[in-house]
Amino acid sequence: HLVELDFRQTKDGVLVVIHDRDLDRTTDSQSKLSKKNVAVVSLTHAEVSSLDAGSWHHPRHKGLGVPTLEEALDLVQGKSITMIEHKAGRADDLVELLARKGYIEDVIVQSFDWNWLREVHAADPKITIGALGEGTLDADRMKDLRGTGASVLHWDYKDLTTESIQLAQARGYLTCAYTVNSDLSLLGAAATGLYLITTTRPARLQQLIRAGKAKRRSP
């Protein structure tokens, strides 16, 4: 129902879809550039796009490059909803991209950096904001959300309790847990009444839903 991805910004300002700070793990940067720990922000988009970002995952993906956020959005939007996680990059540049593509009201933008979320919300209050977090989720923690415009709380499932979920939902937040994978965790997360579950096993979750073992909840 949603596709979650992460973005960073290249040296020349292009937003690209990649999780890690450096390029070592998911590209052939070490062999091609003959050095380790090459940060995404240290290279231009042309340099980043010259790297192989597919082979690390499976040989059949050899030759695939690091996509731009714009390319990823064009692939996902219309078929699903993109949940865009900020790893690094300027808020204004993201908002400009979303406005230019007409996606302002059709995506979720999230970050662990709540000050950055405030910048996004100030730039365009129509964007759906998700506040990522971990640790204790209580009334005091929720006070820190002021000014972020967050309507989604996306929290580490290991730190959530039924009470904290109920508190968040009573205050109008759509609650989401990350990253829930085992059958027991998926069933437990669904039973607590979460609106969203982030998982790397979506097919299994759908199977549990179809079997009536996990009940979907509509916001």
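For the structure itself, consult the block above.
Everything in this summary refers to the structure shown in the same document. Since the model is a prediction, treat every value here as computed from it, not as a measurement.

Conventions adopted
- Residues numbered from 1 in each chain as written.
- Predicted model: local features only at pLDDT ≥ 70, side-chain atom pairs only at ≥ 80, totals over all residues.
- Heavy atoms only, no water.
- Helix = DSSP H or I, 4+ residues; strand = E, 2+ residues; numbered from the N terminus.
- Rg over C-alpha atoms; globule rule 2.2 N^0.38 Å.
- Buried < 20%, exposed > 50% of the residue type's maximum accessible area, 1.4 Å probe, protein only.
- Contact = heavy atoms within 4.5 Å.
- Areas by Shrake-Rupley, 256 points an atom, 1.4 Å probe, with all protein chains shown as cover.
- Lys, Arg positive; Asp, Glu negative; His and termini not counted.
- Charge placed at Lys NZ, Arg CZ, Asp CG, Glu CD.
- Phe/Tyr/Trp six-rings, centres within 6.5 Å; stacked < 30°, edge-to-face > 60°.
- Pairing = 2+ DSSP bridges.
- Axes fitted to C-alpha atoms, helices over the stretch in contact; angles between N-to-C directions.
- Core = buried A, V, L, I, M, F, W, Y, C linked by side-chain atoms within 4.5 Å.
- Salt bridge = Lys/Arg side-chain N within 4 Å of Asp/Glu carboxyl O.
- Polar contact = N/O pair within 3.5 Å; in protein donor to acceptor, adjacent residues only side chain to side chain.
- Arc of directions from axis to C-beta.

### Digging into the overall build of the protein
Helix and strand counts for the protein come out as 9 helices and 8 strands. Whereas a compact globule of 219 residues would reach a radius of gyration of roughly 17 Å, the protein reaches 18 Å, a difference of no more than 12%. Along the first, second and third principal axes, the C-alpha set of the protein runs to 50 × 40 × 30 Å. Every one of the 219 residues in the protein was classed for burial, and the buried ones make up 43%. In the protein, once contacts between residues fewer than 6 apart in sequence are set aside, the share between residues at least 24 apart is 48%. Summing over all exposed atoms, the protein offers an accessible surface of approximately 11,600 Å²; the carbon and sulfur share of this is 51%. Each charge class in the protein can be summarised by its mean position, and for the 28 positive and 29 negative side chains these summaries are 6 Å apart.

### Describing the packing of aromatic side chains
This structure, assessed with the given rule, holds 3 aromatic pairs. Summarising the aromatic geometry, the rings of phenylalanine 7 and tryptophan 116 are spaced 6.2 Å apart at their centres and angled 50° between planes, so their arrangement reads as tilted. One end of the pair, phenylalanine 7, is in strand E1 (residues 2–9); the other, tryptophan 116, is in helix H5 (residues 114–123), with 109 residues separating them in the sequence. Grouping residues by exposure puts phenylalanine 7 and tryptophan 116 together as buried. Relative to tyrosine 178, the ring of phenylalanine 112 has its centre 6.1 Å away and its plane inclined at 90°; by these criteria the two rings are edge-to-face. Residue phenylalanine 112 is found in the loop between strand E4 (108–111) and H5, and its partner tyrosine 178 is found in strand E7 (residues 174–178); the two are separated by 66 residues along the sequence. For phenylalanine 112, a relative accessible area of 40% translates into the label partly exposed. According to the relative accessible area criterion, tyrosine 178 is buried, its value standing at 14%.

### Re the sheet that holds strand E5 (residues 128–133)
With mixed pairing, 8 strands are arranged side by side in an open sheet as E2-E1-E3-E4-E5-E6-E7-E8. Since the sheet does not close on itself, it has two edges, and those belong to strand E2 (15–17) and strand E8 (196–197), each with one partner. The sheet contact formed by strand E3 (residues 81–86) and E4 spans 3 bridges and is parallel. Within E4, the position partnered with glutamate 85 by the bridge is glutamine 110. Sheet strands in contact with H5 are E1, E3, E4, E5 and strand E6 (150–156), and its direction is about 150° off that of E4.

### A look at the nonpolar core
In this structure, Leu69, Ile84, Leu98, Val109 and Leu153 are the most contacted members of the largest nonpolar core, which totals 43 residues. In terms of residues, this core owes the most to one element, helix H4 (residues 91–101), which gives 5 residues. Leu23, Val48, Leu51 and Ala53 belong to the second largest nonpolar core, which has 10 residues in total.

### So, the side chain of aspartate 22
By the element assignment, aspartate 22 lies in the loop between E2 and helix H1 (29–33). Within the buried core, aspartate 22 has no salt-bridge partner, and the shortest N-O distance to an opposite charge, that of arginine 21, equals 4.7 Å. A distance of 3.2 Å separates a polar atom in the side chain of aspartate 22 from the backbone nitrogen of aspartate 24. The contacts of aspartate 22, once residues within four sequence positions are left out, are Asn37, Val38, Ala39 and Val40.

### Thoughts on H4
Among all positions of H4, only Ala91, Leu94, Val95, Leu97 and Leu98 are buried. The buried residues of H4 occupy an angular sector of 160° when projected down its axis, which confines them to one face. Those residues of H4 that are buried are in contact with E1, E2, helix H3 (69–76), E3, E4 and H5. Looking one or two residues beyond H4, the residue adopting positive phi is glycine 102, at roughly 75°.

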